[in-house]
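Listed below, chain by chain, are the residues.
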Amino acid sequence: MNTFLIIVPDGGMLFEAAGIADILTQANRLLPDTHPEAKNAPYQVTVATTQPHRVVHGVSGLNLLADHRLCDLDPTLPRDTILVTGKGLSEAEGSDVVRWLQQAAPSARRVVSVCGGALLLAQTGLLNGRHATTHWRLIDTLQSQYPQVTVERGPMYVQDGPVWTSGGVSSGFDLTLALVEEDHGFSIAKSVAQDLVMFLRRPGGQSQFSRYLLNQASDGPIRKLQTWLPEHLTDDLSVESLAERVAMSPRNFTRVFTRETGITPAKYVEEVRLSAARQLLEQTTQNIERIALATGFGGGLNLRRVFERNLQLTPTEYRERFCSKILA
């Protein structure tokens, strides 16, 4: 059997674990009859809880009865896949998972995380020197606390060798379909996606859903400049112009701004303008050219390039997905 252990910390969204189990079970239904030791053997899915009992309490108030308590499972046994669905509610709970994973990882074919589970993988050292991702709200936390990890901000999921990480919540389903494709091929994965009415490869990345968390500087001229920027998107926002506004040389301004915000002035300006354009696409019926002019992009072509580079979507596609239902 293709053993697949799902570790579910307490207090999370239970549909993560349930949905992943359903995807794997659907794949099993579609597999042809084969010898149990064949490469495409069916999944044997088990769920383990981090609690001292077998009941996992979900954030919704619903409960899930796990197959095992994690503390009862021998971490040294060989397993195909170990997946962690979150980081848990307490530091003690997370530490228990980290200690177990450190013993279990050498005997596992691959280790996987969904959402905040990447923080636990990072604590084990499994992500050191690897590319990884997590929920967009936790991206900066992962990067700052674990500088040995190369954090990817956009993708729904990232594979680096035997370690897979995914973004927030439902992106775990995208990752699970990718695991099915790796294990059983494109045809099976496509059939699972079709049966469950899912994208096999969802267009765009998790950045399309996020609100850009623009880092704020501490009190001072850079913070005042950040407050001024959103109301002056059509002004000259070149480095030279901004530096003059805060009475600094362009070189010193770039150094200070980047140090205080963690991002270059040019990238910050682009993100402020992008955030404003997203809001107009969601909440107004203004055409693309008018939005581009109002947010300082100059024209629709520039706006499209920025959207495709940052969100992997065109402005029109973004509006179709996220515009107000009243406007639609």
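Each chain carries its own residue numbering, running from 1 in the direction its sequence is written. Under the rules for a predicted model, residues below a pLDDT of 70 receive no local features and side-chain atom pairs below 80 are neither given nor counted, while totals for whole chains, interfaces and linings still include all residues. Each side-chain value is worked out from all heavy atoms of the structure, with water and hydrogens disregarded.

Asks: I would appreciate a short explanation of the overall build of the protein chain in the present structure.
Replies: Across its full length, the protein chain carries 13 helices and 11 strands. Principal-axis analysis of the C-alpha atoms places the extent of the protein chain at approximately 70 × 40 × 35 Å. Burial classes: relative accessible area under 20% of the type maximum marks a residue as buried, over 50% as exposed, and values in between as partly exposed (1.4 Å probe, protein chains only). Residues counted as buried form 47% of the 328 residues belonging to the protein chain. Note on definitions: a residue-residue contact is assigned when non-hydrogen atoms from the two residues lie within 4.5 Å. Sequence separation of 24 or more characterises 62% of the internal contacts of the protein chain that already satisfy a separation of 6 or more. Each accessible area is a Shrake-Rupley result for a 1.4 Å probe, and residues are judged covered by the shown protein chains and nothing else. Here the protein chain has roughly 16000 Å² of accessible surface; of this, 51% comes from carbon and sulfur atoms. The charged-residue count follows a simple rule in which Lys and Arg add positive charge and Asp and Glu add negative charge, with His and chain termini not counted at all. To locate a charge, take atom NZ for lysine, CZ for arginine, CG for aspartate or CD for glutamate. Each charge class in the protein chain can be summarised by its mean position, and for the 32 positive and 34 negative side chains these summaries are 4 Å apart. Helix and strand assignments follow DSSP, with helices taken as H or I runs no shorter than four residues and strands as E runs no shorter than two, numbered in order from the N terminus.

Asks: Any chance you could explain the nonpolar core here in plain terms?
Replies: Generally speaking, nonpolar side chains in soluble globular proteins are found buried as a group. By nonpolar core is meant a set of buried Ala, Val, Leu, Ile, Met, Phe, Trp, Tyr and Cys residues that side-chain atoms within 4.5 Å join together. Counting 31 residues, the largest nonpolar core has F4, I6, V8, I20, L83 and V180 as its most contacted members. Going through the elements one at a time, strand 1 (2-8), helix 1 (14-30), strand 2 (43-49), helix 5 (171-184) and helix 6 (186-195) are the ones with two or more residues in this core. Residue contributions to this core peak at seven residues, all from helix 1. In contact with L83, not counting residues within four places along its chain, are F4, L5, I6, I7, I20, V112 and V114. V98, L101, A104 and V149 belong to the second largest nonpolar core, which has 28 residues in total.

Asks: I tried to follow the pattern of salt bridges on my own but got confused; where do I start?
Replies: Between side chains of opposite charge, pairing is possible as soon as their charged atoms come close. Salt-bridge detection follows one rule: a side-chain nitrogen of Lys or Arg within 4 Å of a carboxyl oxygen of Asp or Glu. For the structure shown, the criterion picks out 13 salt bridges. For E260, the salt bridge identified is with R259, shortest N-O distance 3.8 Å. On the accessibility criterion, E260 (29% relative accessible area) is partly exposed. When the shortest N-O distance is used, the salt bridge between E270 and K267 registers 2.9 Å. Residue E270 and its partner K267 are both found in helix 10 (residues 265-283); the two are separated by three residues, about one turn of the helix. A residue is classified by how much of its surface remains accessible, and E270, at 16% relative accessible area, is buried. Residue K267 is classed as partly exposed on the basis of its relative accessible area, which comes to 27%. Each member of the salt-bridge network shares a partner with another, and the members are D80, R109, R110, E182 and D183.

Asks: I keep staring at the packing of aromatic side chains and nothing clicks. Help me out?
Replies: We describe a pair of aromatic rings using the distance from one ring centre to the other and the angle between the two ring planes. Classification of ring pairs uses Phe, Tyr and Trp, with its six-membered ring standing for Trp, and accepts pairs whose centres are within 6.5 Å; under 30 degrees between planes counts as stacked, over 60 as edge-to-face, and the remaining range as tilted. Counted according to the given criterion, the structure contains seven aromatic pairs. Relative to Y43, the ring of F4 lies with its centre 6.0 Å away and its plane at 85 degrees, an arrangement referred to as edge-to-face. Here the residue F4 occupies a position in strand 1, and Y43 occupies one in strand 2, the gap between them amounting to 39 residues. The exposure classification of F4 matches that of Y43, with both residues buried. Site record: aromatic cluster; members linked through ring pairs are F253, F257 and Y268. Geometrically, a charge over a ring is one whose NZ (Lys) or CZ (Arg) sits within 6 Å of the ring centre while staying within 35 degrees of the ring normal. Over the ring of W228 we find R245; its NZ or CZ atom is 4.0 Å from the centre of that ring.

Asks: Please clarify how the layout of surface pockets should be interpreted in this entry.
Replies: If a probe the size of a water molecule is rolled over the atoms, the empty space left behind becomes visible. Site definitions follow a grid-based scheme: protein atoms alone, a 1 Å grid, a 1.4 Å probe that fits but cannot get out for cavities, and for pockets an open set with protein on both sides within 12 Å along at least five of seven lines, plus lining residues having an atom within 4 Å of a point. Grid points are joined across faces, edges and corners, and a volume is the space filled by probe spheres set on the points. Here the second largest pocket defines a volume of roughly 350 Å³. Around the second largest pocket sit 21 residues that line it, and G11, G12, M13, G86 and C115 are the ones nearest its centre. Residue polarity follows a fixed list, in which Ala, Val, Leu, Ile, Met, Phe, Trp, Tyr, Cys and Pro are nonpolar, Asp, Glu, Lys and Arg are charged, and the others, Gly among them, are polar. Looking at the lining of the second largest pocket residue by residue, the class counts come to 10 nonpolar, seven polar and four charged.

Asks: Is there a simple way to think about the sheet that holds strand 10 (residues 157-160) in this case?
Replies: Two pairing modes exist for strands in a sheet, parallel and antiparallel, and in both the strands are linked by backbone hydrogen bonds. Between any two strands, pairing holds if DSSP finds at least two bridges. Pairing is mixed across the open sheet formed by seven strands, whose spatial order is 5-2-1-6-7-11-10. One side of each edge strand has no neighbouring strand; the edge strands of this open sheet are strand 5 (68-69) and strand 10.

Asks: Whenever I open this one, the environment of L83 confuses me. Can you help?
Replies: With respect to the helices and strands, the residue L83 is situated in strand 6 (residues 79-84). When its relative accessible area of 0% is taken as the criterion, L83 is described as buried. Considering only alpha carbons, one finds L83 and S113, 30 residues apart in sequence, at a separation of 5.4 Å.

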